[in-house]
Amino acid sequence: VLWNMSDLGRPVVVSAPGKVILHGEHAVVYGKAALASSLDLRCYLLILPKQNGAITLDLPDFQLHREWQVSEVIDCLQLNEGDQLQLLQQLAGVDSGVESPPTQSLAMLAFLYLLVHIYGDKLKHLLGLSVTVVSTLPASAGLGSSAAYSVCLAAGLQQCTLGSCGKTGSRSSQECGSPNISNASLGSVSKSSSEVDEKHTSPEAVSRLPELIIKKLAEAGYSIPTASNSGDGGWSRQELEVINKWGFEAEKLIHGTPSGIDNSISTFGGAIHFQSGNITPLENMPS
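If you're wondering where the values come from, they're calculated on a predicted model, not measured in any experiment.

K.L.:
Pulling in residues and values, what's your account of the pattern of salt bridges?
P.N.:
It is possible for side chains of opposite charge to pair when their charged atoms get near one another. All chains considered together, the criterion is met by 5 salt bridges. The partner of Glu241 in a salt bridge is Arg237, with the nearest N and O atoms 3.1 Å apart. A residue pair is termed a helical-turn pair when its members lie 3 or 4 positions apart in one helix, as Glu241 and Arg237 do in helix 7 (residues 237–255) at 4 residues. A relative accessible area of 42% means that Arg237 is categorised as partly exposed. A salt bridge links Glu249 to Lys252; its shortest N-O distance comes to 3.2 Å.

K.L.:
Help me get a handle on the pairing of strand 7 (residues 278–282), residues and values and all.
P.N.:
As defined by bridge partners, strand 6 (residues 271–275) adjoins strand 7 across 5 bridges and the pair is classed as antiparallel. Each residue of the ladder has a partner; that of Ala271, found in strand 7, is Leu282.

K.L.:
Got a sec to walk through the environment of Tyr149? Specific residues and values, please.
P.N.:
Looking at the secondary structure, you find Tyr149 in helix 4 (residues 145–161). The spatial distance from the C-alpha of Tyr149 to the C-alpha of Ala110 is 9.4 Å, given a sequence separation of 39 residues. Contacts of Tyr149, omitting those with residues within four sequence positions, involve Cys43, Leu57, Leu59, Ala107, Met108, Ala110, Phe111, Val133 and Ile254.

K.L.:
Can you break down the side chain of Ser150 residue by residue, with the values?
P.N.:
Looking at the element boundaries, Ser150 is found in helix 4. The buried category is assigned to Ser150, whose relative accessible area is 0%. Beyond its immediate chain neighbours, meaning those up to four positions away, Ser150 contacts Leu114, Gly247, Ala250, Glu251 and Ile254.

K.L.:
Run through the packing of aromatic side chains, naming residues and quoting values.
P.N.:
On inspection of all chains with the given rule, the structure shows 1 aromatic pair. Judged by centre distance (6.0 Å) and plane angle (35°), the rings of Trp68 and Phe111 are tilted. Of the two residues, Trp68 is situated in strand 4 (residues 64–69) and Phe111 in helix 3 (residues 103–119); the sequence distance between them amounts to 43 residues. Sitting over the ring of Trp246, Lys245 keeps its end group 3.5 Å from the ring centre.

K.L.:
Got a sec to walk through helix 3? Specific residues and values, please.
P.N.:
The first and last C-alpha atoms of helix 3 sit 24 Å apart over 17 residues, in line with the 24 Å expected at 1.5 Å per residue. Of the residues one or two after helix 3, Gly120 is the one with positive phi, at around 60°.

K.L.:
I'd like to hear about helix 8 (residues 261–268), residue by residue, with values.
P.N.:
The buried count for helix 8 comes to 8 of 8 residues, which makes it a mostly enclosed element. Where helix 8 is concerned, the buried positions are Ile261, Asp262, Asn263, Ser264, Ile265, Ser266, Thr267 and Phe268. Next to the buried residues of helix 8 lie strand 1 (12–23), strand 2 (34–49), helix 4, helix 7, strand 6 and strand 7.

K.L.:
Can you break down the layout of surface pockets residue by residue, with the values?
P.N.:
Here the largest pocket is characterised by a volume of approximately 760 Å³. As for the largest pocket, its lining consists of 38 residues, of which Ser140, Gly144, Ser145, Ser146 and His255 are closest to the centre. Elements supplying a minimum of two residues to the lining of the largest pocket: strand 1, helix 3, strand 5 (129–135), helix 4, helix 7 and helix 8. Residue composition of the lining of the largest pocket, by class: 20 nonpolar, 13 polar and 5 charged.

K.L.:
Let's hear about the nonpolar core: which residues, and what values?
P.N.:
In terms of nonpolar packing, the biggest core is built from 63 residues, with Trp68, Phe111, Leu114, Leu115 and Tyr149 touching the most fellow members. Element by element, the count of residues in this core is highest for helix 3, at 13 residues. Leu46, Val134, Leu209 and Ile213 belong to the second largest nonpolar core, which has 9 residues in total.

K.L.:
An account of the confidence of the model for the protein is needed here, citing residue identities and associated values.
P.N.:
Model confidence for the protein is summarised by a mean pLDDT of 78, while 76% of its residues fall at 70 or above. Note that residues 1–8 has pLDDT below 50 and, in this model, 49 contacts with residues that lie over four places away or in other chains. Within the model, pLDDT remains below 50 along residues 163–203, and this stretch shows 162 contacts once partners closer than five positions in the same chain are excluded.

K.L.:
Outline the state of the cysteines, supporting the account with residue identities and numerical values.
P.N.:
Under the definition given, this model contains 0 disulfides. For the unlinked cysteine Cys152, the closest cysteine sulfur is that of Cys43, found at 4.1 Å.

Conventions used here
- Residues numbered from 1 in each chain as written.
- Predicted model: local features only at pLDDT ≥ 70, side-chain atom pairs only at ≥ 80, totals over all residues.
- Heavy atoms only, no water.
- Salt bridge = Lys/Arg side-chain N within 4 Å of Asp/Glu carboxyl O.
- Helix = DSSP H or I, 4+ residues; strand = E, 2+ residues; numbered from the N terminus.
- Buried < 20%, exposed > 50% of the residue type's maximum accessible area, 1.4 Å probe, protein only.
- Pairing = 2+ DSSP bridges.
- Contact = heavy atoms within 4.5 Å.
- Phe/Tyr/Trp six-rings, centres within 6.5 Å; stacked < 30°, edge-to-face > 60°.
- Lys NZ or Arg CZ within 6 Å of the ring centre and 35° of its normal.
- Expected span 1.5 Å × (residues − 1).
- 1 Å grid on protein atoms, 1.4 Å probe; cavity = no way out; pocket = protein on both sides within 12 Å on 5 of 7 lines; lining within 4 Å.
- Points joined across faces, edges and corners; volume = space filled by probe spheres on them.
- Nonpolar A, V, L, I, M, F, W, Y, C, P; charged D, E, K, R; others polar.
- Core = buried A, V, L, I, M, F, W, Y, C linked by side-chain atoms within 4.5 Å.
- pLDDT = per-residue confidence, 0-100.
- Disulfide = S-S within 2.5 Å.

Okay, here's the thing in structure tokens:
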């Protein structure tokens, strides 16, 4: 699911699926092959433009609301990589001396890291952002909830910057994954219902959005598309590779040494053969 905010001050909504590893769950860490498939349980992200000089992150599943001033985050741009990570850890409340920091702190760290690295110097022109993430994936259940979160962040922030990912649309409804679809995609949204671009909108996709995200869109004055048309666009392979790369970087902050399979299946969807970072889509499961 994706709505484009870009330079028009419109929202971005992205969803990414969870995963189930069918074979090789532990061996994949040691370079062995694994088979995995995406699940029709998803993480949903909403980014709303703000002009209050603040960046907010809401994770209601973890009872977390946190706000930073844009100026605080901009300070990171002037630092080298090591000092930058240290400052981001401070902003996220991550104690580097603790072996297993709280999940909430690691989630904040992943968000801030991707924000700084994806936006780069564009942060200097940022007026404010409100980010909300809601998931139908249970946490710590081995279903890739953190990877779906990381991929949502990567795809949503990429879309906001209008960098390498500037498209809206959907891919085949048979693909359970891909961070910009939920069996269908959503078009861009405007504050006036008569201005909604409904080219890539599906009622099913709208109905699948979490109630909180629909409520926040409505409270901000944005109309919800209701068209029955389904689009045929979507992310290119190159765009997905970029999203997957940033999703993996976020996963490393959360888990330390992940194999990369979780973020890959959350990014590309469907079923894949994964080995040492090499991804091969599977049309038919091997017997």
